[in-house]
Amino acid sequence: MRLPALFVLVLPLAACTWVPLKPEAKAVRVIPAGAAPSGCTRLGEIEVSVKDSVAFYERNTVKVRDELETLARNEGPGLGANVLQPLGEPAGGSQRFAGWRCSP
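Residue positions are given per chain, counting from 1 as you read along its sequence in written order. Only residues with pLDDT of at least 70 get local features here, since the model is predicted, and only at 80 or more are side-chain atom pairs given and counted; chain-wide, interface and lining totals rely on the full set of residues. With hydrogens and water set aside, each side-chain value is computed from the structure's full complement of heavy atoms.

Colleague: Describe the sheet that holds strand S6 (residues 94–102), and please don't skip the residues or the numbers.
Modeller: Whether two strands pair comes down to DSSP finding at least two bridges between them. Note on conventions: DSSP H or I runs of at least 4 residues are helices, E runs of at least 2 residues are strands, and numbering of each starts at the N terminus. In spatial order, the strands read S1-S5-S6-S2; together these 4 strands make up an open sheet with mixed pairing. Lying at the two open borders of the sheet, with one neighbouring strand each, are strand S1 (29–30) and strand S2 (40–49). Two elements, S1 and strand S5 (residues 83–86), share 2 bridges in a ladder whose sense is parallel. Within S5, the residue paired with Val30 across the bridge is Leu84. By the convention used here, residues are in contact when the closest approach between their heavy atoms is within 4.5 Å. In this description, a line fitted to the C-alpha atoms serves as the axis of each element, helices being fitted only across the stretch in contact, and the angle between N-to-C directions of two axes falls anywhere from 0 to 180 degrees. The strands touched by helix H2 (residues 61–79) within the sheet are S1, S2, S5 and S6, with S2 carrying the most contacts at an inclination of about 135°.

Written out as structure tokens, the structure is:
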């Protein structure tokens, strides 16, 4: 009887988004992976991670990607970046982003 109770507790939690966007991160945008953006200066890299599974339940990959992007955007202002670009696909709940300073 414990296993069904675990599902009742874990599944709703696994669907929630836990990462709020900080006010200063609203100005940071994410561009698609690929070539470096023109007219921009690369400032460094940001690596972020979230739980991609809860117990033995794999979380929704779209939600995991969304949380990774939000975490990266939250870190962007600390790097001085106003544009982020993924350096690869998420793996194991982690993802790296290049931080860029682009003129408006």
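Colleague: Explain the pattern of salt bridges to me, and be specific about the residues and the numbers.
Modeller: It is possible for side chains bearing opposite charge to pair when their charged atoms get close. Just to be clear on terms, a salt bridge is a Lys or Arg side-chain nitrogen sitting within 4 Å of an Asp or Glu carboxyl oxygen. Here the structure, examined in full by the defined rule, presents 5 salt bridges. Here Glu67 ties to Arg59 by a salt bridge, and the two come within 2.9 Å at their closest N and O atoms. Here the two residues Glu67 and Arg59 agree in accessibility, since each one is buried. Between Arg65 and Glu89 there is a salt bridge, and its shortest N-O distance comes to 2.2 Å. With Arg65 in helix H2 and Glu89 in the loop between S5 and S6, this pair connects stretches of sequence that are 24 residues apart. Within the structure, one salt-bridge network assembled from shared partners comprises Arg42, Glu45, Glu47 and Arg96. Exposure is judged per residue with a 1.4 Å probe applied to protein chains only, and the accessible area is read against the type maximum: over 50% gives exposed, under 20% gives buried, and values in between give partly exposed.

Colleague: If you had to explain the nonpolar core to someone new, which residues and values would you point to?
Modeller: Residues Val28, Ile46, Val48, Val50, Val64, Leu68, Ala72, Ala81, Leu84 and Phe97 constitute the largest nonpolar core, which totals 10 residues. Those elements that place two or more of their residues in this core are S2 and H2. Top element by residues in this core is H2. It accounts for 3 residues. The contacts of Leu68, once residues within four sequence positions are left out, are Val48, Ser49, Val50, Pro90, Gly93, Ser94, Gln95 and Phe97. The definition of a nonpolar core used throughout is a set of buried Ala, Val, Leu, Ile, Met, Phe, Trp, Tyr and Cys residues joined through side-chain atoms within 4.5 Å. Formed by 6 residues, the second largest nonpolar core is a distinct cluster that contains Cys40, Val83, Ala98 and Trp100.

Colleague: Quick rundown of H2? Include the residues and the values.
Modeller: Taking 1.5 Å per residue, 19 residues should reach 27 Å; H2 reaches 27 Å between its end C-alpha atoms and fits that length. Buried within H2 we find Val64, Glu67, Leu68, Thr70, Ala72, Arg73, Asn74 and Gly76. Lining the buried residues of H2 we find S1, S2, S5 and S6. Polar contacts here mean pairs of N or O atoms no more than 3.5 Å apart (in protein, one a potential hydrogen donor and the other a potential acceptor; neighbouring residues in sequence count only if both atoms are side-chain atoms). Its side-chain oxygen at 2.7 Å from the backbone nitrogen of Val62, Asn60 defines the N-terminal cap of H2. Following H2 by one or two positions, Gly80 has its phi on the positive side, about 90°. To estimate the expected span of a helix, count its residues, drop one, and scale the result by 1.5 Å.

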